[in-house]
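# Architecture at a glance
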Amino acid sequence: MLAVEKLLALREIDFFSFIPDEFLLLLAESMEEVYFNQGDQIIVKGEIGHTLYIIVQGKVRVHDNEKTLALLENNDVVGELAVLSAAVRSASVTCTEKCLLLKINSDQLYDLMDMNKGFYKAVIEMLCKRIYKISDQLLKTL
């Protein structure tokens, strides 16, 4: 993918909605494309994470052993908590079909945050949305 194509992909993602194009282009130029096949495991529960992945094409299953926690597809982000805090991965992520992902490590992400304070707002909003979604799911099970 060209950097411009990566930029266009980033523009479609809520996580980056507050970031001006000139900063996103810098990020896009340093992002790595990674390809996975159906059945490949992208993230393993229990490992320390330093990477966020953006799904450009394909679908993945977020799971804890056999229990499916989420199904994600194009324009979804996975690994955002671990990339922000270098935390232990709380779930595994496995491709349910062939996937093209863009990979961002924590150093790249923090560099972008230092260049553009609006990125902090985007991160906080994304985390809040995730917490609300999990809260709603928990309330439904009570």
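Summarised in this report is the structure supplied together with it. All figures in this text were calculated on a predicted structure; none of them were measured in a lab.

## Some remarks on the overall build of the chain
- Helix and strand counts for the chain come out as five helices and eight strands.
- When the elements of the chain are put in sequence order from the N terminus, they spell out α-α-β-β-β-β-β-β-α-β-β-α-α.
- Relative to a compact globule of 142 residues, whose C-alpha radius of gyration would be 14 Å, the chain shows 15 Å and is just as compact.
- Here the chain holds 142 residues, and the buried ones make up 41% of them.
- Pairs at least 24 apart in sequence give 73% of the contacts found in the chain among residues at least 6 apart.
- For the chain, the computed accessible surface area is about 8,100 Å², with 55% contributed by carbon and sulfur atoms.
- When the 15 positive and 21 negative side-chain charges of the chain are each reduced to one mean point, those points stand 6 Å apart.

Definitions and limits used
- The residue numbering used here restarts from 1 in each chain and proceeds along that chain's sequence as written.
- Local features are withheld for residues below a pLDDT of 70 in this predicted model, meaning they are given only at 70 or higher, and side-chain atom pairs are given and counted only at 80 or more; totals for whole chains, interfaces and linings count all residues.
- Side-chain measures here rest on the full set of heavy atoms in the structure, leaving out hydrogens and waters.
- Helical segments are the DSSP runs of H or I of at least four residues, strand segments are the runs of E of at least two, and each set is numbered from the N terminus.
- Using C-alpha atoms as the atom set, the radius of gyration is obtained and then compared with a globule rule of 2.2 Å times the number of residues to the power 0.38.
- Burial status follows relative accessibility: with a 1.4 Å probe on protein chains alone, a residue under 20% of its type maximum counts as buried, one over 50% as exposed, and anything between as partly exposed.
- Residue contacts are counted whenever heavy atoms from the two residues lie within 4.5 Å of one another.
- To be clear on the numbers: accessible area is Shrake-Rupley with a 1.4 Å probe, and residue cover counts the displayed protein chains and nothing else.
- In this count, Lys and Arg are taken as positive residues and Asp and Glu as negative ones, while His and the chain termini are left out.
- For the purpose of locating charges, the reference atoms are NZ of Lys, CZ of Arg, CG of Asp and CD of Glu.

So far we have only geometry, and geometry alone does not tell us how the molecule works.
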